[in-house]
Each structure stands twice: as C-alpha cells, then as structure tokens.
Amino acid sequence: MGLQFGSWLRGGACAAGIAWAGIASAADTPPPAPASPPPPILEAETSGTLTLGPAGAHRLYIAAGEGFTIIDGDTAKVEGTIHGGRAGVLAVAPDNGHYYVSESYWSRDNRGERVDLVSVYDSASLKLVNEIKLPGRLIASGRMPFFSISASGTRGYVFNLEPATSVQVVDLEKKKFLSTIEVPGCGLIFPYRDEGFASLCADGSLATVTVDVKAKGTIRQSQPFFEAEADPVFEESLVDRKTGQAWFITYNGLVHPVKLGGEPVFGEPWSLQAAAGLSPATTEPQHKTWRPGGRRPFAIHMASGTLFALMHEGKPWTQKAEGTELWAIDVATRQVKGRFRVPTAGRVVGVSQDEKPLLYVAGEGDWLWVMDPENGRIVRQMSEIRRPGMIQVTGF
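Predicted model, so just to flag it, every value in this text is computed and none were measured.

This paragraph deals with the sheet that holds strand E11 (residues 176–182). Taken in spatial order, the four strands line up as E8-E9-E10-E11 in an open sheet, and their pairing is antiparallel. Two strands in the sheet have a free side with no partner beyond their single neighbour: strand E8 (147–149) and E11. Adjacent strand axes in the sheet meet at a mean angle of 25°, parallel and antiparallel pairs treated alike. As paired elements, strand E9 (residues 155–161) and strand E10 (residues 165–171) share seven bridges and run antiparallel to each other. Each bridged residue has a counterpart across the sheet, and for Arg155 the counterpart in E10 is Asp171.

The following block contains the structure:
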C-alpha cells in the first residue's frame, strides 16, 4: 500500500509537474509578431531651379556673414542669398538686372595667389555670369563707399590703396577694367550722376573727380568744409546718385548738404540735435547727449525728404554705438518729425523709396524690424540677421 502510494505520489507529482510546466509555458509565450509592413516605395527625386521674380519696391539686401541676404520686406522672408568673398561689397544695377560684388580671394583661403574681382550675378537665377579682374582693391570691412556704381549703372568704381589711394574704373557693360585714377590724400567713393565721383580728404575737403569717356579723371579739390580731426564725417553718409545731392554727416551730428558736381555747391550745415530742439553736440569730453551711431546709421526717403538717423545717448567718439532711437527728420524744414524707440538697438537702417515706404532696422540680437515710417510701429520682424554690415534697398 505504501509502495503504491509512493508510486502514485511520485507519478502524480511528476505528472502534475509536467502539466504545470506545460501550462506556464503556454501562458508566458508571447504571440507571434505581426508581419512587418512593406518598405515604402521610393520615388525618384527631381531637381529644378527656382528664380527670383522682378524686384519690388520692398526688396532689401543685407550683408550678414560671408554674403548678402535678399529679403522681401512685405513678408520678412528670405528670397535668396549671394556669396561674397573677403570684405565683399554689393551694388545693385539700376534696372535690377544684375548684382555686382567687389571681392577678393586667395588660392589657399588666407594665403597663396590673390585675385581681386568684380563678380557679376544674374538677378533672377543668382548665377555667376561674369568676373571682371582688377589689378587690386582695398580689403577692409565691407562698406558701400568702397565700391559703387554710376547712376545709369554703366560704370563701377572700386576704392584701392597701391599704396596711394586710388579708384579703379570698371566698364560694367563690356565687363572689363578701364583705368586707375589716383586721389592722393582722399578716400571713399560717392558717385554723382554719370559724370564721376567725389571723395573725402584728410584735411576735411572734398575731391570731385570728373571721369571722361576714356575713363580718365580730372580732379578738383574744395576748401575744407568739416573738421577732420575734431569731428569727422561718417563713411556711410548719404548720396543720391541720380541727382548728386549728398548729406555728409559728422560724428557729432552736423549735417553738411552738398550738391556734387565739377563745381560742388555747399549748403549751410545744420545740427540733428537742434532739429529735435536740443543743444548741438560738442567735442567736450564729458558732453553726453544724443548722437548718431552704428554701421550704416542713416537713410533717406527721397520723395518726402525724410532723413532717418539711428541715435544713442553718448559722449564724443561713441559713433560706433548702436542706436536706441530712430529719428525722422524733415531735411527741408530741419525739424524732427518723430522719435521712435527701437525694440533692440539698431546697427543699420534703410527705407524703401515708394509712395508707401517701409522702414528697416537691423542690429542687436540678430533682429530685423520692419517699421511704419510715419509712426515707428513694428509691422513685422525676422531673426537670424547676424551682425549686419550693410543694407540696401531697391531704387537708391
């Protein structure tokens, strides 16, 4: 009996163990994985080329980084980019058909064989269409008066040091270098109409250069009209190439109106501060007041005669400080029409030239602000404009 019981126990326990193992195995076994979905059908990629539409009145160009960004002011969206070499400067053809860039390259990036160029780009495709080789050019921080074009866009002028200061004349129609015109003791390029260009001189005078059909220059130098040592003129002063009307503005905010030509006509200077009902700025070391400052701190809307100036509170020689306010000044009455606070300090300013203009300010924080020039209201904005160095608009 005991044997039978033991046999049963052993047999039963074994049987039960087998049964339990079978039950546990069935419960713990995961269900079979569902079948993997079939891989997606890869479609063949197709390439294409986009082109820019015609330039509208609200298209603007900003130098930021190694190149130039084309922006639609109506949407604050990027339309395209143009590459620029070392210290590149952009000029836009008056008919908006081509973009010109004065630039320099080395065969090994920062050494080796150097080549200086005016590169020509198609404005619709942004493709490089020509390169005009130069015998040299000044490589410095890219500023508009280092490279500019005549009012009709037929000639380009490139500032250079050889080591004397000179200007190189380029035929933009035939795409070739024409001549070098020395401007001893003077520098920068301010074209007037199709007659030639003006340069600012170290003694505070103005050199006007009439350029003939053979690209030969005749130079006339005026008497000093500003204090070059005590109160220099901003390099990025304003000139309307079509009319030759210029506004040379000093670090202290003194505006010198000049009608450029073979015989320039100098107007009576006036003060930005006085236009706002303040005392004019002085060169006294501790005199703190509102002063112009920035990389390109001035813009003008020609039809209305409104000058826009980035202003900051500072002492003498703070001309590089970015503007916290934007002043709108009537150049005819010499009165400030509005003082607008800028959300972030402005480094460059531009204004479109149409009947319903837009005002553009770029600077601190990589922001571009699109403003209403009548009241300073922000109408749109965009970011990632990294340290803007130059700003241009269609038609100026």
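This part covers the side chain of Arg347. Looking at the element boundaries, Arg347 is found in strand E25 (residues 335–351). By relative accessible area, which is 10% here, Arg347 ends up buried. Engagement of the side chain of Arg347 in a polar contact is seen with the backbone oxygen of Pro388, the distance being 2.3 Å. Contacts of Arg347, omitting those with residues within four sequence positions, involve Gly294, Arg295, Arg296, Pro297, Leu310, Glu322, Ala362, Gly363, Arg387, Pro388 and Gly389.

Nonpolar side chains in soluble globular proteins tend to end up buried together. Among the nonpolar cores identified, the biggest contains 56 residues, and Leu90, Val118, Phe197, Leu200, Phe248 and Leu260 are the most heavily contacted of them. Ranked by residues supplied to this core, first place goes to strand E12 (residues 186–192) with five residues. Counting residues in each nonpolar core, the second largest holds 33 residues, with Leu60, Ile71, Phe234 and Val331 among its members.

Our focus in this paragraph is the pattern of salt bridges. Throughout the structure, instances matching the rule amount to ten salt bridges. For Asp116, the salt bridge goes to Arg114, with nearest N and O atoms at 2.9 Å. Overall, the relative accessible area of 7% leaves Asp116 in the buried class. A relative accessible area of 35% places Arg114 in the partly exposed class. The residue Glu325 makes a salt bridge to Arg341 at a minimum N-O spacing of 3.8 Å.

Along strand E13 (residues 196–201), six of the six residues are buried, which leaves the element largely enclosed by surrounding structure. Pairing geometry for E12 and E13, over five bridges, is antiparallel. The residue bridging Tyr192 from the neighbouring strand is Gly196, located in E13. What sits between the antiparallel neighbours E12 and E13 is a turn of three residues, in which Arg193 has the positive phi angle 45°. Bridge analysis of E13 against strand E14 (residues 206–211) gives five bridges, and the strand direction is antiparallel. Bridged to Phe197 within E14 is Val209.

Inspection of the entire model under this criterion finds one disulfide. Paired through a disulfide, Cys186 and Cys201 show a sulfur-sulfur distance of 2.0 Å. Between Cys186 and Cys201, the S-S torsion sits near 90°, and that sign places the bridge as right-handed. Residue Cys186 is found in strand E12, and its partner Cys201 is found in strand E13; the two are separated by 15 residues along the sequence.

Its location among the elements puts Asn252 in the loop between strand E17 (245–249) and strand E18 (254–259). There is a polar contact of 2.7 Å between the side chain of Asn252 and the side chain of Arg291.

Our focus in this paragraph is the confidence of the model for the chain. Note that predicted coordinates carrying low pLDDT should not be read in detail. For the chain, the average pLDDT comes to 90, and 91% of its residues sit at 70 or higher. Contacts from residues 1–27, a stretch scored under 50 in pLDDT, to residues over four places away or in other chains number three contacts.

If you trace the backbone, Ala198 turns up in strand E13. For the pair Ala198 and Val239, spaced 41 residues apart in the sequence, the C-alpha separation amounts to 10.0 Å. Setting aside its immediate chain neighbours within four residues, Ala198 contacts Leu188, Ile189, Phe190, Tyr192, Leu206, Ala207, Thr208 and Leu260.

Moving on, we get to the packing of aromatic side chains. Counted according to the given criterion, the structure contains twelve aromatic pairs. Centre to centre, the rings of Phe225 and Phe226 are 5.0 Å apart; their planes meet at 80°, and the pair counts as edge-to-face. Across this residue pair, the class does not change: Phe225 and Phe226 are buried. Consider the rings of Trp367 and Trp369, whose centres lie 5.1 Å apart with planes at 20°: the pair is stacked. Judged by its relative accessible area of 10%, Trp369 falls in the buried class. Through a chain of ring-to-ring contacts, the aromatic side chains of Phe190, Phe225, Phe226, Phe248 and Phe266 assemble into a single cluster. Across from the ring centre of Trp290, 5.1 Å away, lies the NZ or CZ of Arg339, which sits over that ring.

It is worth spelling out unusual backbone geometry at this point. Note the cis peptide between Glu162 and Pro163, where omega equals 5°. Relative to the elements of secondary structure, Pro163 occurs in the loop between E9 and E10. Backbone geometry places Lys175, a non-glycine residue, at a positive phi of 55°. Within the secondary structure, Lys175 is located in the loop between E10 and E11. For Arg193, which is not glycine, the phi torsion reads 45° and is therefore positive. Mapping Arg193 onto the fold places it in the loop between E12 and E13.

Calculation notes
- Residues numbered from 1 in each chain as written.
- Predicted model: local features only at pLDDT ≥ 70, side-chain atom pairs only at ≥ 80, totals over all residues.
- Heavy atoms only, no water.
- Pairing = 2+ DSSP bridges.
- Helix = DSSP H or I, 4+ residues; strand = E, 2+ residues; numbered from the N terminus.
- Axes fitted to C-alpha atoms, helices over the stretch in contact; angles between N-to-C directions.
- Buried < 20%, exposed > 50% of the residue type's maximum accessible area, 1.4 Å probe, protein only.
- Polar contact = N/O pair within 3.5 Å; in protein donor to acceptor, adjacent residues only side chain to side chain.
- Contact = heavy atoms within 4.5 Å.
- Core = buried A, V, L, I, M, F, W, Y, C linked by side-chain atoms within 4.5 Å.
- Salt bridge = Lys/Arg side-chain N within 4 Å of Asp/Glu carboxyl O.
- Disulfide = S-S within 2.5 Å.
- pLDDT = per-residue confidence, 0-100.
- Phe/Tyr/Trp six-rings, centres within 6.5 Å; stacked < 30°, edge-to-face > 60°.
- Lys NZ or Arg CZ within 6 Å of the ring centre and 35° of its normal.

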